[in-house]
Amino acid sequence: MPEEIEKEENIIKKVCREYSLTYKKLAEELGYSESSIRNLALKNNHDITINVRKSIELYVKNRELENKIEEFMMLKKLLISFFKT
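No experiment lies behind these values; they were computed from the predicted model shown.

Our focus in this paragraph is the overall build of the chain. On a plain count of helices and strands, the chain comes out with 5 helices and 0 strands. The secondary structure elements of the chain, listed N-terminal to C-terminal, are α-α-α-α-α. Against the 2.2 N^0.38 benchmark of 12 Å for 85 residues, the chain shows a C-alpha radius of gyration of 18 Å, more extended than a compact globule. Counting only C-alpha atoms, the chain reaches 60 × 30 × 20 Å along its principal axes. Here the chain, with 85 residues, has 22% of them falling under the buried criterion.

Following this line, the structure appears as structure tokens:
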């Protein structure tokens, strides 16, 4: 299992790439310093503290939920306009 963790892409690099974030922006979103995030991006995932990993997981979940809310709001607008006609 530890070998699998080492082979995984660094969680910070992955989140920044997937959400088009800079280390500075991710640091601001999570409440960490840019230098801390930048340093952690150079480490293996198992070297990143559980607090940072959980913060990142919650950030990702929050972004996913925000996207779902946005989709529901668009659907709601479509349904309202559909039933008005």
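Moving on to the nonpolar core. The nonpolar side chains of a soluble globular protein tend to be buried, and buried together. Judged by nonpolar contacts, the single largest core of 17 residues is most densely connected at Ile 12, Val 15, Leu 21, Leu 26 and Ile 56. Apart from residues no more than four positions distant in its own chain, Leu 21 is found in contact with Val 15, Cys 16, Leu 26, Tyr 59 and Arg 63.

Right, let's get into helix α3 (residues 23-30). Burial in α3 covers these residues: Leu 26, Ala 27 and Leu 30. Along the axis of α3, the buried residues cluster in a sector spanning 100°; they form a single face. In the core, the buried residues of α3 are packed alongside α2 (11-18), α4 (34-40) and α5 (50-84).

Next up on the list: the environment of Ala 41. With respect to the element layout, Ala 41 can be found in the loop between α4 and α5. Accessibility expressed as a relative area gives 1% for Ala 41, which makes it buried. Sequence separation between Ala 41 and Leu 78 is 37 residues, and the spatial gap between their C-alpha atoms is 42 Å. Contacts of Ala 41, omitting those with residues within four sequence positions, involve Asn 10, Ile 12, Lys 13 and Tyr 23.

Before going further, it helps to examine the packing of α3 against α5. In contact at an axis separation of 10 Å, α3 and α5 are set at 95° when each is read in the N-to-C sense. It follows that α3 is roughly perpendicular to α5 by the angle criterion. Of the residues in α5, those in contact with Leu 26, Glu 29 and Leu 30 of α3 are Ser 55, Ile 56 and Tyr 59. A breakdown of the residues in the contact of α3 with α5 according to their chemical character gives 4 nonpolar, 1 polar and 1 charged.

Criteria and cut-off values
Residues numbered from 1 in each chain as written. Predicted model: local features only at pLDDT ≥ 70, side-chain atom pairs only at ≥ 80, totals over all residues. Heavy atoms only, no water. Helix = DSSP H or I, 4+ residues; strand = E, 2+ residues; numbered from the N terminus. Rg over C-alpha atoms; globule rule 2.2 N^0.38 Å. Buried < 20%, exposed > 50% of the residue type's maximum accessible area, 1.4 Å probe, protein only. Core = buried A, V, L, I, M, F, W, Y, C linked by side-chain atoms within 4.5 Å. Contact = heavy atoms within 4.5 Å. Arc of directions from axis to C-beta. Axes fitted to C-alpha atoms, helices over the stretch in contact; angles between N-to-C directions. Parallel < 35°, antiparallel > 145°, perpendicular 65-115°, else oblique. Nonpolar A, V, L, I, M, F, W, Y, C, P; charged D, E, K, R; others polar.

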